[in-house]
Amino acid sequence: MLKIGVLGAGHLGKIHLRLLQQSDKYELVGFYDPNQENAEKVSKEFGYKHFTTIATLIHAVDVIDIVTPTLSHYKCAKVAIKSGKHVFIEKPISNTVEEAEEIITLAKEFNVKGQVGHVERFNPAFIATKNMIENPMFIEAHRLAEFNPRGTDVPVVLDLMIHDIDAILSVVKSKVKNISASGVSVISDTPDIANARIEFENGCVANLTASRISMKNMRKSRFFQKDAYISVDFLEKKCEVVKMKDAPEVPGDFDMILQNAEGIKKQIYFSNPDVEPNNAILDELESFADAIINESEPVVTLEQATEALRVAYQIIDCFKK
């Protein structure tokens, strides 16, 4: 079992602590939180060992799980990596692309592994369909959330849209060619609603919408490719696949047949792939343990998370223009 320590015992930090305590792959050594009052409360309530300095926690573990505010990700990662510890960093990887690139450089220099918490990669509906998404040419993503003051310190792109940016970059095997976007601030100092259009070199176009002031929650993506349409509901953990194949010579009574202007007939097949229930946060943490033990590549690499951050900032730059 890998010894792990958690930096940050806020809302998400407490979830990480609870799951790591249950994990068969980690031994939870303890946590550090700069808010002494909160640290003592969490320690007393749940029994986790509270370390009074970051240095003493880092010294006692093999892996550091960074669940602090984004502004401090880089500083925490730098200290941990320079101490030779593997790092799991909650998304986004850091506050700036420059910081993210330095984290990559340091991880290589000190020969440690890093993974970033883009948890939607572990969403069971996405896992169920990922192998079916082949060369999509049009993608539409909607991520709408009801207002929550937690998270409004960053633009909605870094808070919500980055999930979809990362998922899309993981399935489109092409470089980004052009980005256009617009954003509106309604109640925060930074945009609360944003829409972005990402064009890739291979001709694929992704249209993303994110809002944190919606009346209802929605996390849906649709992938369109030749002869197939794949819908992934990240919130309800459901998926639907619609495929088209050449119609049989003699269709059955219940076969659904479409005919285009050229007279070509296609048969439509509907399927709902099996979605295996899971705990995505536990799975991402344990997949990192596997990557360390097996010396394999983490599911969400530091490089991939940096690319998602780079695209997110290109979108934010469009707002300024």
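Residues numbered from 1 in each chain as written. Predicted model: local features only at pLDDT ≥ 70, side-chain atom pairs only at ≥ 80, totals over all residues. Heavy atoms only, no water.

## Overview of the nonpolar core
Counting residues in hydrophobic clusters, the biggest one holds 93 residues, and the most contacted among them are Tyr-26, Ile-64, Ile-93, Val-157, Met-161, Ile-165 and Ile-315. Sorting elements by how many residues they give to this core places helix α7 (residues 156-171) first, with 10 residues. Residues contacting Met-161, with those up to four places away along its chain left out, are Val-156, Ala-194, Asn-195, Ala-196, Leu-208, Thr-209, Ala-210 and Ile-315. (Core = buried A, V, L, I, M, F, W, Y, C linked by side-chain atoms within 4.5 Å. Buried < 20%, exposed > 50% of the residue type's maximum accessible area, 1.4 Å probe, protein only. Helix = DSSP H or I, 4+ residues; strand = E, 2+ residues; numbered from the N terminus. Contact = heavy atoms within 4.5 Å.)

## Regarding the environment of Val-275
Inspection of the secondary structure puts Val-275 in the loop between β14 (265-271) and α8 (280-293). Its relative accessible area of 26% is what places Val-275 among the partly exposed residues. Sequence spacing of Val-275 and Gly-10 is 265 residues, and the spatial spacing of their C-alpha atoms is 30 Å. Discounting residues that sit within four places of it in the chain, Val-275 has contacts with Pro-124, Ala-125, Ala-128, Lys-237 and Cys-239.

## Overview of the UniProt feature "domain: GFO/IDH/MocA-like oxidoreductase" (unreviewed entry) in the chain
According to UniProt, the "domain: GFO/IDH/MocA-like oxidoreductase" (unreviewed entry) feature falls on residues 156-216. Within the segment residues 156-216, helix and strand shares are 26% and 39% respectively, and the terminal C-alpha atoms sit 16 Å apart. (UniProt positions renumbered as here; feature names shortened; annotations may be inferred.)

## Quick look at helix α2 (residues 36-46)
Among the residues of α2, the N-terminal cap falls to Asn-35, whose side-chain oxygen and the backbone nitrogen of Glu-37 are separated by 3.1 Å. Of the residues one or two after α2, Gly-47 is the one with positive phi, at around 85°. (Polar contact = N/O pair within 3.5 Å; in protein donor to acceptor, adjacent residues only side chain to side chain.)

## Focus on the sheet that holds strand β1 (residues 2-7)
Strand order in the open sheet formed by 5 strands is β2-β1-β3-β4-β5, and the pairing between neighbours is parallel. For this open sheet the edge positions go to β2 (26-32) and β5 (114-117), each flanked by a neighbour on one side alone. Strand-to-strand twist of the sheet, defined as the mean angle between neighbouring strand axes without regard to direction, takes the value 20°. By the bridge criterion, 4 bridges tie strand β3 (residues 63-66) to strand β4 (residues 86-90) in an arrangement that is parallel. Paired with Ile-66 across the two strands is Ile-89, which belongs to β4. In the packing of α8 onto the sheet, the strands contacted are β1, β2, β3, β4 and β5, and the crossing angle to β4 comes to about 155°. (Pairing = 2+ DSSP bridges. Axes fitted to C-alpha atoms, helices over the stretch in contact; angles between N-to-C directions.)

## Structural notes on the sheet that holds strand β12 (residues 238-246)
Strand order in the open sheet formed by 9 strands is β7-β8-β9-β6-β10-β11-β12-β14-β13, and the pairing between neighbours is mixed. The open sheet has two free edges, formed respectively by β7 (176-184) and β13 (256-259), since each of these has just one partner strand. Strand-to-strand, the axes of this sheet are offset by a mean angle of 15°, without reference to chain direction. The pairing of β12 with β14 spans 6 bridges and is antiparallel.

## Observations regarding the packing of aromatic side chains
For the coordinates displayed, the defined rule picks out 5 aromatic pairs. Ring centres 5.7 Å apart and planes at 20° place the aromatic pair Phe-46 and Tyr-48 in the stacked group. Its relative accessible area of 39% is what places Phe-46 among the partly exposed residues. Between the aromatic rings of Phe-224 and Tyr-229, the centroid separation amounts to 4.9 Å while the plane-to-plane angle is 40°, which identifies the pairing as tilted. Judged by relative accessible area, Phe-224 falls into the partly exposed class, the value being 31%. An aromatic cluster is defined as three or more aromatic residues linked by ring pairs; in this entry it consists of Phe-138, Phe-224 and Tyr-229. (Phe/Tyr/Trp six-rings, centres within 6.5 Å; stacked < 30°, edge-to-face > 60°.)

## Observations regarding the side chain of Thr-129
Of note, Thr-129 is situated in helix α6 (residues 124-130). The exposure class of Thr-129 is buried, given its relative accessible area of 0%. Apart from residues no more than four positions distant in its own chain, Thr-129 is found in contact with Ile-230, Val-232, Cys-239, Val-241 and Pro-273.

## Section: the packing of helix α1 (residues 11-22) against α8
The geometry of α1 relative to α8 is characterised by a closest axis approach of 10 Å and an angle of 65° between their N-to-C directions. The angle between the axes of α1 and α8 places the two elements in the roughly perpendicular class. Of the two possible hands of crossing, α1 and α8 adopt the one that is right-handed. Note on element contacts: α8 touches α1 through Ile-281, Leu-282 and Leu-285, opposite Leu-12, Ile-15, His-16, Leu-19 and Leu-20. (Parallel < 35°, antiparallel > 145°, perpendicular 65-115°, else oblique. Left-handed = near helix turned anticlockwise from the far one by under 90°.)

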